[in-house]
Amino acid sequence: MYKIYINETPLILISSEDFEKQVYPRDSVLSFAYSGKKKSLLNYVDNLEKSKKYGAIVVYSDDVEKLYEEVISLFKVIKAGGGLVTNPQNEALFIFRRGFWDLPKGKLDPGEDFKTAAVREVKEECGLINLTREKKLITTYHVFKNKSKQRMLKKTNWYHMTSEDVRLVAQTEEDIEEARWRSIGEFLASGDIAYNNIYDVLFTYFDKT
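Residues numbered from 1 in each chain as written. Predicted model: local features only at pLDDT ≥ 70, side-chain atom pairs only at ≥ 80, totals over all residues. Heavy atoms only, no water.

The subject of this paragraph is the environment of valine 119. Looking at the element boundaries, valine 119 is found in helix α4 (residues 114–126). Overall, the relative accessible area of 18% leaves valine 119 in the buried class. Separated by 33 residues in the primary sequence, valine 119 and threonine 86 have C-alpha atoms spaced 13 Å apart. Each residue touching valine 119, except ones within four places of it in the same chain, is listed here: Leu131, Arg133 and Met161. (Helix = DSSP H or I, 4+ residues; strand = E, 2+ residues; numbered from the N terminus. Buried < 20%, exposed > 50% of the residue type's maximum accessible area, 1.4 Å probe, protein only. Contact = heavy atoms within 4.5 Å.)

Despite not being glycine, asparagine 7 has its phi angle at roughly 55 degrees, a positive value. Assignment of secondary structure puts asparagine 7 in the loop between β1 (2–6) and β2 (9–15). For arginine 98, which is not glycine, the phi dihedral falls at a positive 55 degrees. Tracing the backbone shows arginine 98 in the loop between β6 (91–97) and β7 (100–102). For arginine 98, a relative accessible area of 54% corresponds to the exposed category.

If you trace the backbone, threonine 204 turns up in helix α6 (residues 196–208). By relative accessible area, threonine 204 is classed as buried at 14%. A distance of 2.7 Å separates the side chain of threonine 204 from the backbone oxygen of aspartate 200, its partner in a polar contact. (Polar contact = N/O pair within 3.5 Å; in protein donor to acceptor, adjacent residues only side chain to side chain.)

In this section: the pattern of salt bridges. Pairs can form between side chains of opposite charge whenever their charged atoms are close. With the rule as written, the count across this model stands at 16 salt bridges. The partner of aspartate 200 in a salt bridge is lysine 3, and the shortest N-O contact between them spans 3.7 Å. You can see aspartate 200 sitting in helix α6 and its partner lysine 3 sitting in strand β1, a full 197 residues away along the chain. Residue lysine 3 is classed as partly exposed on the basis of its relative accessible area, which comes to 27%. Of the charged contacts, one joins glutamate 121 and arginine 120 as a salt bridge, the two residues approaching to 3.0 Å between their closest N and O atoms. We classify arginine 120 as buried; its relative accessible area is 18%. Overlapping salt bridges, with partners in common, bring together Asp109, Glu112, Arg120, Glu121 and Glu124 in one network. (Salt bridge = Lys/Arg side-chain N within 4 Å of Asp/Glu carboxyl O.)

Nonpolar side chains collect at one region of the surface, where Leu188, Phe203 and Phe206 lie side by side and expose about 260 Å² of accessible area between them. With respect to the secondary-structure elements, phenylalanine 206 resides in helix α6. In this structure phenylalanine 206 comes out as partly exposed when scored by relative accessible area, which is 39%. (Patch = residues over 30% accessible without salt bridge, like charges linked within 9 Å, V, L, I, M, F, W, Y side chains within 5 Å. Areas by Shrake-Rupley, 256 points an atom, 1.4 Å probe, with all protein chains shown as cover.)

In terms of nonpolar packing, the biggest core is built from 22 residues, with Ile4, Leu11, Leu13, Val59 and Val71 touching the most fellow members. Counting residues per element, the ones that place at least two in this core are β1, β2, α2 (38–50), β4 (56–61), α3 (64–72) and β9 (132–145). Residue contributions to this core peak at five residues, all from α3. Not counting residues within four places of it along the chain, the set of residues in contact with valine 71 comprises Ile4, Leu11, Leu13 and Leu41. Core analysis: the second largest hydrophobic core is formed by 17 residues, Leu93, Leu131, Ile176 and Trp181 among them. (Core = buried A, V, L, I, M, F, W, Y, C linked by side-chain atoms within 4.5 Å.)

Remember that the coordinates give geometry; whether it matters functionally is a separate question.
Right, here's the structure in full:
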């Protein structure tokens, strides 16, 4: 299964077999069997960009990998790496940027792999010196438009990381206003705004630890 956020609403790509096992609320989720025509995929993207009335759009196919490849061919793909960093007090490192709470991440440099980019970006964005990368958590996908109105899809591999550093230095040139250690439970209960894919990272961390 793949979950691609468009306008903060997921476009879910799933196999026909797995679709039969799922139960989706009929009043908020639209479900379609993939017709094999890319134009239909563009229609789903357009619908999600223009409206937030759906909880999700689910597209299923006997060949979900082929479906995924056809969906991402509609976008220019940007690869990124990011980290959910925890300290000995089991607090997580959050950043505040452009009105949202987020986790540190960034694009891969030429020739760089996801793991290396993730560690580098976390260090750069938050001023960490001592950082240990642990296991991979999840891959997230979200769509946005660049300044030329071209549709972009950011594919981010997220890793759990640990650090004993106390001092944090927010990278202000990347519009980061604050970097802060916070309890994940406190954050989830606070009502502070974050992107939906960040919640996916947090919940995956809970599931894997």
